[in-house]
Amino acid sequence: QVQLVESGGGLVQAGGSLRLSCAASGRTFDNYATGWFRQASGKEREFVGAVSWTGGSQYYADSVKGRFTISKNNAKNTVYLQMNALKPEDTAVYYCGVDFRQRLGSRASNYDFWGQGTQVTVSS
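Not measured: the values here are computed from a predicted model.

A. How the structure looks around the nonpolar core. Counting residues in each nonpolar core, the largest one holds 35 residues, and the members touching the most others are W36, F68, L81, M83 and Y94. Broken down by secondary-structure element, the contributors of at least two residues to this core are strand 1 (2-7), strand 3 (18-26), strand 4 (33-39), strand 5 (46-51), strand 7 (68-73), strand 8 (78-83), strand 9 (92-99) and strand 11 (118-123).

Here you go:
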């Protein structure tokens, strides 16, 4: 079991920045890939990006490429999502998930555990 807690969401104006955190506890001695997803009201969960255990490999959705960056601190069991140049269409609940098979994939079904999410609202 892994427990994930996202934080850092909030209200920001278009063009602004936020940094989300995903803190893991529990089964953190195993290696895993971490993914970020988001879900806007009335829509399906959408892939944002993913990072390998070492942090050396990252993969982003086209919609956020060049604006969002994932980093991680394994000593703190924490993964970060730096979001710059935010747009109103980035408004959603953001979730992190972990994949113990380390597929670095864009499918939500690949991920074994999820956090409760953090709301990001971008005003125009």
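Next comes the rest of the description.
B. Representation of the pattern of salt bridges in the model. Overall, the coordinates contain six salt bridges when judged by the stated rule. Across the pair D90 and R67 runs a salt bridge, and its minimum N-O distance is 2.8 Å. Of this pair, D90 sits in the loop between strand 8 and strand 9 while R67 sits in the loop between strand 6 (58-60) and strand 7; the two residues are 23 residues apart in sequence, bridging distant segments of the chain. The class of R67 is buried, set by a relative accessible area of 11%. One salt-bridge network, held together by shared partners, links R38, E46, R67 and D90.

C. Examining the state of the cysteines more closely. For the structure shown, the criterion picks out one disulfide. One disulfide in the model links C22 with C96; its S-S distance is 2.1 Å. Given an S-S torsion of about 75°, the disulfide between C22 and C96 has right-handed geometry. Here C22 is found in strand 3, whereas its partner C96 is found in strand 9, with 74 residues between them in sequence. In this structure, C22 and C96 share a single accessibility class: buried.

Rules of the game
- Residues numbered from 1 in each chain as written.
- Predicted model: local features only at pLDDT ≥ 70, side-chain atom pairs only at ≥ 80, totals over all residues.
- Heavy atoms only, no water.
- Core = buried A, V, L, I, M, F, W, Y, C linked by side-chain atoms within 4.5 Å.
- Buried < 20%, exposed > 50% of the residue type's maximum accessible area, 1.4 Å probe, protein only.
- Helix = DSSP H or I, 4+ residues; strand = E, 2+ residues; numbered from the N terminus.
- Salt bridge = Lys/Arg side-chain N within 4 Å of Asp/Glu carboxyl O.
- Disulfide = S-S within 2.5 Å.

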